[in-house]
Structure formats: C-alpha cells, structure tokens
Amino acid sequence: MKQRTLGRTGLRVSELCLGTMTFVKDDEAGAHRILDTFTEAGGTFLDTADAYGQGVSEEVIGGWLKGRDRDGLVIATKVALPMGEGPNDSGLSRKHIIASVEASLRRLGTDYIDLYQTHVWDFRTPIEETLGTLDTLVKAGKVRYLGASNVSPGQLQRALDVADRRGWAPYVCLQPIYNLLAREVEWELLPQSEAAGVGVIPYSPLQGGWLTGKYRRGMTSVPPGSRESHGDGESWRGRDNDETWRVVETVQAIAAETERTPSQVALRWLLDRPGVTAPIIGARTHDQLTDNLGAVGWELTEAQTTRLDEASARPLPYPYNVLSRFV
C-alpha cells in the first residue's frame, strides 16, 4: 500500500484508511484480526469516532494498540455526536470537546490523537469557541492535526478563515461522503479543499453496499444482511432507478473486464480522483477487508475511467450548471 501526503501537511498516511465503526466488544478478536491484516498490508491510517458504539470502537482499537508501534500509526477520531443524555453531552462547546478528547485518549490508551475531527457542524456553538478550543489541544500536544466532517462549503470556508485570522491551527482534512453514486462533493467542496490544501478522506466509498455487486437490476428488495436491510426501505426506494442501475452495471462490467470485484473497481475510481487522499474502507468481516485491499496496486485505463465518469454523471443544479459553461 502506498503512502500519501494529507493535504498540504507533512503527514503521510496509507492510501486506504480503515474505518472502524462496526467494531464491537462481542467480536473483539475479529476486529483485532482485521486490524492485523490491514497493517500487515501496509495500512497505517485508522478512523474511528467516540460515538461509534458509544466509545466501544475506540476501546477495541485501544486494546489492540497495547504492545504495538503507536508512532507508526495515524489514528483519527471524532467529536460532536451525543455521548449521553445531558445538555452538554454533545456538540462542539469547549466543555464537551475537552471532556471528549480526554475520554477518547483514555479509551484509545494513547497520549495523543493524530487527527481530531469535528463530526458535524454545531449550529449552537460559535465557531470561534470550537476552533479556539481545538487550537489549545494542538498546542498542548494532545492533538496533532484537525479535520472536519459533514460540513457545507460555506461552513468549511468560514472555519478556515477564522483560523487564519486568529492564527489558530486550521482544518487540514475533510471527511465527506463521496462515491460513484454520490458525487456532489465535486461541485464545490472538493475543489475548495484542493485550493486550501485540505486533504479529503471520503467515507461510504461503496454507498452502503450498492457498489459491491450485491445489487442487481430487477431486485424487489435489499439483499439479506446488507446495510440497507436494517433501515426502513427509504434508501432502497430512492436508489431503485435507472440512474443507479446504470452506474452499478458499468461497475460490474468493468469488474469483469479487469478480473476484479465491483468493490475494487469502485474504490480504484475513488482512489484516482483529484484531491482524494485516502478513501475510508469499512469491513464487518475479514473477507470484506481482503476484498477492499485489492483496490490498490493496479490502475483503471483511461477509457474505463471515462465510462465510469459518464455513467455516474448527474445533471448539475443551479448555479453549477451555469458556471460549468465557463470552465
């Protein structure tokens, strides 16, 4: 696995990041095996959040970290989502951030967090309070770099501008949803991040399983055991259309041509997108992980990339449709 530079920093991370949202205590041994396989393949970048299992994911990683080379890894976690029912158990206030970082450090069993990310935008807390608090964590050595997830272009730019004016540590990483079925990040957030030197680590690169080969045109319900099967069916109804099946079938056709799996094709496309540092791969099973790891070490042809681009293209909304005429 290759190493890439995160945005305009000097931090090097593996070209795939391991997402650990599905780690549970009941299968801690299985999670540790996934971590072992990922790192043995050259992976160095792990992503978690305090809200994943209400701290369980961090605890599982912390148990695995004991006796291992902590400095050889880049560990990312997040803050903002509810960790209790109290009025200050969520959000990005100074009180909640400080309590949360200390709790994450304890669960992970480490003295520092490499990448500390705000999980969502907090509309109630002034951005100055949030960024000022995060800056103190960087200066204290408890956090090395800062990142954001689930923000609008305006929110990201506002945060970057405030940090620049105050001389505070800025966001250097963005974690948005991005895949062949969700390309809205290309309209503004991706070029904005490139211009600002912000690395991009997309989550949900396989769109909840839609790009894995499990889904076929003509199906009347979701595959048993899939992520969609745990919902109310709304996502299925929204995705069951010609636009989705055109993308899915193009991915499957190119997978057959390249003798790769659909997951590997979808991930390879994302790995090659401008501005992307490391897609976050999730793995509930060891087999899923080994399949996803097969996305590295090969290339799509220019013609195959074009086919995927064209199949997944969507009509642009205003003002992007007008602005695109002048590019």
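Located above this text is the structure these notes cover.
What this report covers is the structure whose coordinates are included nearby. Remember, it's a predicted structure, so these values are computed and weren't measured experimentally.

## Re the overall build of the protein
Per the secondary structure count, the protein includes twelve helices and ten strands. Against the compact-globule benchmark of 20 Å for 327 residues, the protein has a radius of gyration of 20 Å, which places it among compact chains. Considered along the principal axes of its C-alpha atoms, the protein spans approximately 50 × 50 × 40 Å. Here the protein holds 327 residues, and 52% of them are scored as buried. Considering only residue pairs separated by 6 or more positions, the protein has 77% of its internal contacts joining residues 24 or more positions apart. Measuring between centres, the 36 positive side-chain charges of the protein sit 2 Å from its 43 negative side-chain charges.

## Notes on the side chain of Asp 50
Relative to the helices and strands, Asp 50 resides in the loop between strand S4 (45-47) and helix H2 (56-65). It is Arg 107 that comes nearest to the buried, bridge-free Asp 50 among opposite-charge side chains, at 4.8 Å.

## Here we look at the pairing of strand S5 (residues 74-79)
Counting buried positions over the six residues of S5 gives six, a clear majority of the element. The sheet contact formed by S4 and S5 spans three bridges and is parallel. Paired with Phe 45 across the bridge in S5 is Val 74. With four bridges connecting them, S5 and strand S6 (residues 113-118) associate as parallel partners. Bridge assignment links Ala 76 to a residue of S6, and that residue is Leu 115. What joins S5 to S6 is helix H3 (residues 94-108), and the crossover it makes is right-handed.

## A few points about the sheet that holds S5
Across the sheet, which stays open at both edges, the eight strands sit in the order S9-S8-S7-S6-S5-S4-S3-S10 with parallel pairing between neighbours. At either end of the open sheet lies a strand with only one pairing partner, and these are strand S9 (199-200) and strand S10 (280-282). Examined bridge by bridge, strand S3 (residues 17-19) and S4 share three bridges and lie parallel to one another. Across the sheet, residue Gly 19 finds its bridge partner in S4, namely Asp 47. Across the sheet, H3 is in contact with S5, S6 and strand S7 (143-149); its angle to S6 comes to roughly 140°.

## Observations regarding the nonpolar core
Core analysis: the biggest nonpolar cluster contains 77 residues, and Leu 18, Tyr 116, Leu 131 and Tyr 171 have the highest contact counts within it. Excluding residues that lie within four positions of it along the chain, Tyr 171 makes contacts with Thr 118, Leu 131, Leu 134, Leu 146, Gly 147, Ala 148, Leu 156, Ala 159, Leu 160 and Val 198. Ranked by size, the runner-up nonpolar core spans twelve residues in total, among them Val 13, Cys 17, Phe 45 and Ile 201.

## Focus: helix H4 (residues 127-139)
Look at H4: 18 Å from first C-alpha to last across 13 residues, which is about the 18 Å you get at 1.5 Å a residue. Taken together, the buried positions of H4 are Ile 127, Thr 130, Leu 131, Gly 132, Thr 133, Leu 134, Asp 135 and Leu 137. Structurally, H4 contributes buried residues whose contacts are with H3, S6, S7, helix H5 (153-166) and strand S8 (171-175). Looking at the residues trailing H4, positive phi occurs at Gly 141, about 85°.

## Quick notes on the packing of H5 against helix H6 (residues 189-196)
When two helices pack together, you describe them by how their axes are tilted relative to each other and by the distance separating the axes. Between H5 and H6, whose axes approach to 10 Å, the crossing angle comes to 15°. Here H5 lies roughly parallel to H6, going by the angle between them. In this structure, the crossing between H5 and H6 has a hand that is right-handed. In contact with Pro 153, Leu 156, Gln 157 and Leu 160 of H5, H6 contributes Leu 189, Gln 192, Ser 193 and Ala 196. Taken together, the residues of the contact of H5 with H6 sort by class into five nonpolar, three polar and no charged.

## A short note on unusual backbone geometry
Here the bond from Tyr 318 into Pro 319 is cis, since omega is 5°, no more than 30 degrees from zero. Tracing the sequence through the fold places Pro 319 in the loop between helix H11 (302-312) and helix H12 (320-323). Phi is positive for Ser 204, close to 55°, though the residue is something other than glycine. Relative to the helices and strands, Ser 204 resides in the loop between S9 and helix H7 (234-239).

## Brief notes about the pattern of salt bridges
Applying the stated rule across the entire model yields 16 salt bridges. Its salt-bridge partner being Asp 36, residue Arg 68 comes within 3.0 Å of it at the nearest N-O pair. Taken together, the residues span a long stretch of sequence, with Arg 68 in the loop between H2 and S5 and Asp 36 in helix H1 (residues 28-40) at a distance of 32 residues. Classification of Arg 68 by relative accessible area gives partly exposed; the value is 37%. Looking at Asp 36, the relative accessible area reads 24%, which means it is partly exposed.

## Examining the layout of surface pockets
Space inside the second largest pocket adds up to approximately 210 Å³. Along its surface, the second largest pocket is lined by Leu 180, Leu 181, Ala 182, Arg 183, Glu 184, Glu 186, Trp 187, Asp 309, Ser 312, Ala 313, Arg 314 and Leu 316. Its residues assigned to classes, the lining of the second largest pocket shows six nonpolar, one polar and five charged.

Rules used throughout
Residues numbered from 1 in each chain as written. Predicted model: local features only at pLDDT ≥ 70, side-chain atom pairs only at ≥ 80, totals over all residues. Heavy atoms only, no water. Helix = DSSP H or I, 4+ residues; strand = E, 2+ residues; numbered from the N terminus. Rg over C-alpha atoms; globule rule 2.2 N^0.38 Å. Buried < 20%, exposed > 50% of the residue type's maximum accessible area, 1.4 Å probe, protein only. Contact = heavy atoms within 4.5 Å. Lys, Arg positive; Asp, Glu negative; His and termini not counted. Charge placed at Lys NZ, Arg CZ, Asp CG, Glu CD. Salt bridge = Lys/Arg side-chain N within 4 Å of Asp/Glu carboxyl O. Pairing = 2+ DSSP bridges. Right-handed = clockwise from strand over helix to strand, strands pointing away. Axes fitted to C-alpha atoms, helices over the stretch in contact; angles between N-to-C directions. Core = buried A, V, L, I, M, F, W, Y, C linked by side-chain atoms within 4.5 Å. Expected span 1.5 Å × (residues − 1). Parallel < 35°, antiparallel > 145°, perpendicular 65-115°, else oblique. Left-handed = near helix turned anticlockwise from the far one by under 90°. Nonpolar A, V, L, I, M, F, W, Y, C, P; charged D, E, K, R; others polar. 1 Å grid on protein atoms, 1.4 Å probe; cavity = no way out; pocket = protein on both sides within 12 Å on 5 of 7 lines; lining within 4 Å. Points joined across faces, edges and corners; volume = space filled by probe spheres on them.

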